[in-house]
Amino acid sequence: MAPSASTTVNGFTVLPVAYPSSSTHYIYARKHIAKKTDASTGSTSKRQNGAELPTGRTLFLVNVPPDATERELVLLFKPCGTVEKVLWNFDVQEPQNEDDDSDLEDEDEVDEENVMEDADAEELPRRKRRRLARENQIPKIVPLPETPCRTIRKTGLTAYVIFLDESSLDRIASLSSKTRPWPTSSEEPSGLDHYAAVYQNLRPPLDSIREHVDSYMELFEYKLAKSKQKSQYRKGEAIVDEDGFTLVTRGGAYGKTLGGGVGVATKRFQRSGETARQRTKKEKKEKEGFYAFQRAERQRTELLNLKQKWEEDKAKVEKLKQSRKFKPY
């Protein structure tokens with residue numbers, strides 16, 4: 001619905017934009033007013049996520065198009081002045097960069113370890129240094145091919161445009177005099193091309209997926225090998241705590257500890273000097289009644305035994321009957 005002929009509504013300046021050329025979209029802008037000012041500077045307002053909005057050169061926008069990008073807003077307000085940055089509902093920290101930062105931290109740790117190893121490797125011959133350089137080379141993950149796509153946000157989006165100088169806000173009223181075309185950025189496709197690009201990004205070629213997975217597994221195996229090298233206890237070294245005490249543990253028949261220090265042998269070795277006997281494995285017996293033919297054979301044998309016993313008992317009964325017959329003579 002188009003606003004009234006007035007260029008201001010409730011303190012907001014109405015900015016008509018042709019978006020696309022067949023329709024008119026209205027953006028409402030006003031100077032940002034900080035509710036709370038910092039006691040030290042008095043010129044910035046802070047929110048929960050730490051975004052800072054300078055007072056005097058921040059423009060508050062309402063009803064921004066859902067698929068608008070920072071580049072397009074910069075081009076839209078270019079006649080007013082130079083835009084420093086654009087904040088979308090205080091979403092300053094991009095969520096997809098968290099994994100990248102964690103990967104960078106892991107790579108920095110690996111780099112520090114490699115620096116220490118390189119310092120020790122300088123004393124080695126040239127051939128060994130080349131071989132160590134090849135082994136210590138950190139595998140890199142091959143990214144999947146993708147087309148940059150714009151972020152589709154909610155309708156009625158708000159944004160904050162921060163200019164470099166305060167005089168830029170005074171020129172905002174000049175944009176409401178006529179309908180200006182919405183600037184388009186060729187870097188990120190829009191409309192149907194956007195969804196086609198999203199479709200292609202979700203279905204990369206199989207060769208690219210295989211190369212990406214192989215490089216990821218190479219990096220995983222490299223980190224796993226490095227973590228095994230950083231063992232807390234090394235072979236042949238005694239385990240000494242912070243107070244200087246050597247750890248005494250019961251380890252093996254001869255009293256060998258994990259690190260090669262002092263240990264206590266087993267009681268059997270202390271009494272007789274003999275090591276523990278190796279336990280012989282018992283042969284596994286075949287389970288009875290596990291197979292169907294075993295159960296059938298067992299039922300048949302039980303039936304034959306029952307018949308045989310019945311015949312024996314029958315013969316005994318006949319014999320007892322004959323022995324009890326009355327014979328007067």
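For the structure given in this document, a descriptive report is provided here. Source: prediction; values computed, not measured. (Residues numbered from 1 in each chain as written. Predicted model: local features only at pLDDT ≥ 70, side-chain atom pairs only at ≥ 80, totals over all residues. Heavy atoms only, no water.)

Another point: the pairing of strand β2 (residues 12-18). When you tally the buried positions in β2, you get seven out of seven residues, the bulk of the element. Residues of β2 alternate between two faces, with Phe-12, Val-14, Pro-16 and Ala-18 on one and Thr-13, Leu-15 and Val-17 on the opposite face, all of them buried. Sheet topology note: the strand β1 (residues 8-9)/β2 ladder contains two bridges and is antiparallel. Directly across from Val-9, in β2, lies its bridge partner Phe-12. Counting the residues between successive antiparallel strands, the hairpin from β1 to β2 contains two residues, one of them, Asn-10, with a positive phi of roughly 55°. For β2 and strand β3 (residues 24-31), the ladder comprises six bridges, and the chain directions are antiparallel. When the bridges of β3 are listed, Pro-16 appears paired with Tyr-26. (Buried < 20%, exposed > 50% of the residue type's maximum accessible area, 1.4 Å probe, protein only. Helix = DSSP H or I, 4+ residues; strand = E, 2+ residues; numbered from the N terminus. Pairing = 2+ DSSP bridges.)

What follows is about the packing of aromatic side chains. Both the distance between ring centres and the angle between the ring planes are used here to describe each pair of aromatic rings. Taken as a whole and judged by the stated rule, the model has four aromatic pairs. Ring geometry for Phe-60 versus Tyr-160: centroids 5.1 Å apart, planes at 40°, classification tilted. Taken together, the positions of Phe-60 in strand β6 (residues 58-64) and Tyr-160 in strand β8 (residues 157-163) put the pair 100 residues apart, joining distant regions of the chain. The class for Phe-60 is buried, based on a relative accessible area of 14%. A relative accessible area of 8% places Tyr-160 in the buried class. A ring pair is formed by Tyr-291 and Phe-293, whose centres lie 5.9 Å apart and whose planes are at 20°; its orientation type is stacked. Under the relative-accessibility criterion, Tyr-291 is labelled partly exposed at 41%. Grouping aromatic residues by their ring pairs yields a cluster made of Phe-12, Phe-60 and Tyr-160. (Phe/Tyr/Trp six-rings, centres within 6.5 Å; stacked < 30°, edge-to-face > 60°.)

Attention now moves to the pairing of β6. In regular strands, side chains alternate between the two faces of the sheet. Extensive coverage of β6 is indicated by the burial of five of its seven residues. Summarising the sheet, β6 and β8 pair through five bridges and their orientation is antiparallel. Considered in β8, the bridge of Leu-59 is made with Val-161.

As a further point, take a negative patch on the surface. Where like charges cluster on the molecular surface, the negative patch consists of Glu-211, Asp-214, Glu-218 and Glu-221. Given a relative accessible area of 46%, Glu-211 falls into the partly exposed group. (Patch = residues over 30% accessible without salt bridge, like charges linked within 9 Å, V, L, I, M, F, W, Y side chains within 5 Å. Areas by Shrake-Rupley, 256 points an atom, 1.4 Å probe, with all protein chains shown as cover. Salt bridge = Lys/Arg side-chain N within 4 Å of Asp/Glu carboxyl O. Lys, Arg positive; Asp, Glu negative; His and termini not counted. Charge placed at Lys NZ, Arg CZ, Asp CG, Glu CD.)

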